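Coordinates in review
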Amino acid sequence: MKLKGFSVNGAGNLVLNGVDLVSLSRESERPIYVFNELLIRENLRLYQKALSLFYPKSSSIFYASKAFLNLAMASLIKQEGVGIDVCSGGELFIAQSAKIPSDKILMHGNNKSRRELQAAVEYGVKKIVVDNVEELALLQHITASLKKECSVLLRLNPGLDDIETHKYMVTGAKDSKFGFHVDRTKIAEIINDACSRGYIKFKGLHFHIGSNLQKVSFYEHALDKVFDFVVFLKEKGIEIEELNMGGGLGIAYQDHDPLPDIEKFIKTLSQKVIQLCEDKGIPLPHLMFEPGRSIVGPAGCTLYKIGSIKRGPNKILYAAVNGGMTDNLRPALYQAKHTAVLANRMNEPDSDQPYKIVGNCCETGDILIENIHLPHCVEGDVLVIFSTGAYTHSMVNNYNKHLLPGVIFVRDRAYEWVSKEQTLQDLIRFDGLPEHLR
Ligand SMILES: Cc1ncc(COP(=O)(O)O)c(C=O)c1O
């Protein structure tokens, strides 16, 4: 797979931005998440550049922090001057801790709590994407009692049932927990009612149809539906100033997957919005995107060590690694497919026997890669799984009390730990011991 930043050195080791990943793997006995910091920056800039090139009105990018977030990532987002999409009080807290200004934060969530909404309003977050009627009522109450204004977008569910991705990554189908499901007339009433009280400022609409999408036509279809609704709102005297199209651009996980083309994606969708506005006589809205996976996914890889190797049926060899579904839940959750290499045997030919890469959890489903050809593996070899930058570290868990791995950012021949590994003491840090059990 053609991934940016990787090369092979004279020792036959895999190298990222000049850093030998085999040497790097010796820094820990656990898996390590490694991010190409330069590629994260490049991807963010590609989105911004494409928008300024192809969309004639104002626009903004809000990085979807659910894909991957820690203090270093939030600080990088701040440095790059883009916005951040947070979908919980925890993500908001990290954005605040990195001192991301409130006008660069947009808040999501399908069941935001009072505390989360209040924290967002108090900080003055730029925009709240309201998911449902109850949330709008709660937000009205909070803004009125704090006497603070708040701009909102309504999350629409375009009801698209034909999106091609794993069913758990479809978010805009009719049968979905996300967004407004109420009928059109009611939405117009709801908007008017919310705005009549003074503190809620209706700015426009949001939709996010799904994640890891390879075809831009799904967005075009969604836009047709959303613009029908925009026209309906206009007839009711409600104008939209802003349109947020969510995230979702797919990335390459396997050799045959197409590489994401950010420029083409933005160009096609900008042109579609411009065309629809022209056709329907609507002023161009401020356009927003919330990419997550396409920013960090290809920029991340995970370093593992091979442990036991067992012979299974049909010639397959089980190669167990020192991590698994605790650090990458995607294969177990979405049957996601990844590809990998042996970082210390880059110049060796693949053996005839296929390997099944399994994790170290007590679950039969703890399989990272179902079937892969690699050079002949022995204990201690360094396996690098690619495209693990998105939705891996952010879904990490302590099953079997495996310790959470740390994160390294690699720049140009330099690297830093940006999240420490957990320690054994962390496993009991939050436990209490009642008197009768001491
Ligand atoms: C509302 C919203 N916006 C943006 C994203 C980011 O999507 P992706 O990481 O596929 O770009 C998601 C992820 O599911 C989402 O739910």
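Residues numbered from 1 in each chain as written. Predicted model: local features only at pLDDT ≥ 70, side-chain atom pairs only at ≥ 80, totals over all residues. Heavy atoms only, no water.

**Quick word on the pairing of strand E14 (residues 317-321)**
Basically, it comes down to this: The rule is simple: take the accessible area with a 1.4 Å probe, protein chains only, and divide by the maximum for that residue type; under 20% is buried, over 50% is exposed, in between is partly exposed. Counting from the N terminus, the helices are DSSP H or I runs at least four residues long and the strands are E runs at least two residues long. Strands are treated as partners if at least two bridges between them are detected by DSSP.
Within E14, four of the five residues are buried, which leaves it mostly tucked inside the rest of the structure. Two strands pair when backbone bridges link them, and strand E13 (residues 300-311) and E14 are joined in this way by four bridges, in the antiparallel orientation. Bridge pairing in E14 links Lys 310 to Tyr 318. Counting the residues between successive antiparallel strands, the hairpin from E13 to E14 contains five residues, one of them, Asn 314, with a positive phi of roughly 50°.

**A closer look at the domain arrangement of the protein chain**
Under the convention used in this document: Residue ranges labeled as domains rest on an automatic or database domain assignment. In this description, contact between two residues means that some pair of their heavy atoms is separated by no more than 4.5 Å. Buried area: the sum, over both parts, of the accessible surface (1.4 Å probe) that disappears when the two are put together. Think of a salt bridge as a Lys or Arg side-chain nitrogen and an Asp or Glu carboxyl oxygen that are within 4 Å of each other.
Taken domain by domain, the protein chain consists of domain 1 (6-30 + 299-428) and domain 2 (37-295). Distance between the C-alpha centres of domain 1 and domain 2: 33 Å. With 22 residues of domain 1 at the contact, the number on the domain 2 side is 23 residues. Between domain 1 and domain 2 lies a buried interface of about 2,000 Å² when both sides are counted; carbon and sulfur atoms form 60% of it. Of all residues in domain 1, Tyr 334, Tyr 391 and Phe 409 bury the most surface against domain 2, accounting for 31% of the area lost on that side. In this assembly, domain 1 and domain 2 are joined by one salt bridge.

**Observations regarding the sheet that holds strand E3 (residues 19-20)**
Spatially, the three strands line up as an open sheet ordered E1-E2-E3, and their pairing is antiparallel. Lying at the two open borders of the sheet, with one neighbouring strand each, are strand E1 (6-8) and E3. As paired strands, strand E2 (residues 14-16) and E3 are joined by two bridges and run antiparallel to one another. Bridge pairing links Val 15 to Asp 20 in E3.

**Focus: the packing of helix H7 (residues 184-196) against helix H8 (residues 217-235)**
Using the following cut-off: Between the N-to-C directions of two axes lies an angle of 0 to 180 degrees, each axis being a line fitted to C-alpha atoms and, for a helix, fitted only over the stretch in contact. Working rule for angles: under 35 degrees goes down as roughly parallel, over 145 as roughly antiparallel, 65 to 115 as roughly perpendicular, anything else as oblique. Should the near helix be turned anticlockwise from the far one by less than a right angle, the crossing is termed left-handed; should it be turned clockwise, right-handed.
Two elements in contact, H7 and H8, have axes separated by 11 Å at closest approach and are oriented at 55°. In terms of axis orientation, H7 runs oblique to H8. When you trace H7 past H8, the crossing you get is right-handed. For the pair H7 and H8, the contacting residues are Arg 184, Thr 185, Ile 187, Ala 188 and Ile 191 in the first and Asp 228, Phe 229, Phe 232 and Leu 233 in the second.

**As for the site of the ligand**
Cut-off, in case you're wondering: Neighbouring residues are identified by heavy atoms, a residue being near a molecule or strand if any of them is within 4 Å of it. Pairing of N or O atoms within 3.5 Å defines a polar contact, subject to two protein rules: one partner must be a possible hydrogen donor and the other a possible acceptor, and residues neighboring in sequence count only if both atoms are side-chain atoms. Only the protein chains shown count as cover for residues, with accessible areas throughout obtained via the Shrake-Rupley method and a probe of 1.4 Å. When residue character is reported, Ala, Val, Leu, Ile, Met, Phe, Trp, Tyr, Cys and Pro are called nonpolar, Asp, Glu, Lys and Arg charged, and the others, Gly included, polar.
Within the structure, the ligand sits among 16 residues, and Ser 211, Gly 248, Glu 290, Arg 293 and Tyr 391 are positioned closest to it. Within the side chain of Ser 211, a nitrogen or oxygen atom sits 2.3 Å from an oxygen atom of the ligand. The separation between an oxygen atom of the ligand and a polar main-chain atom of Arg 293 is 2.7 Å. Expressed as a share of its isolated accessible area of 400 Å², the protein-covered part of the ligand is 93%. Looking at the shell around the ligand residue by residue, the classes come out as three nonpolar, eight polar and five charged.

**Some points on the packing of H8 against helix H9 (residues 262-280)**
One way to put it is that H8 packs onto H9 with a least axis distance of 11 Å and a crossing angle of 30°. With respect to H9, the element H8 is oriented roughly parallel. Note on packing geometry: the crossing formed by H8 with H9 is right-handed. Only Phe 265, Thr 268, Leu 269, Lys 272, Val 273, Leu 276, Cys 277 and Lys 280 of H9 make contact with H8, whose side of the interface consists of Tyr 219, Glu 220, Leu 223, Asp 224, Phe 227, Asp 228, Val 231 and Lys 234. When its residues are assigned to classes, the contact of H8 with H9 shows nine nonpolar, one polar and six charged.

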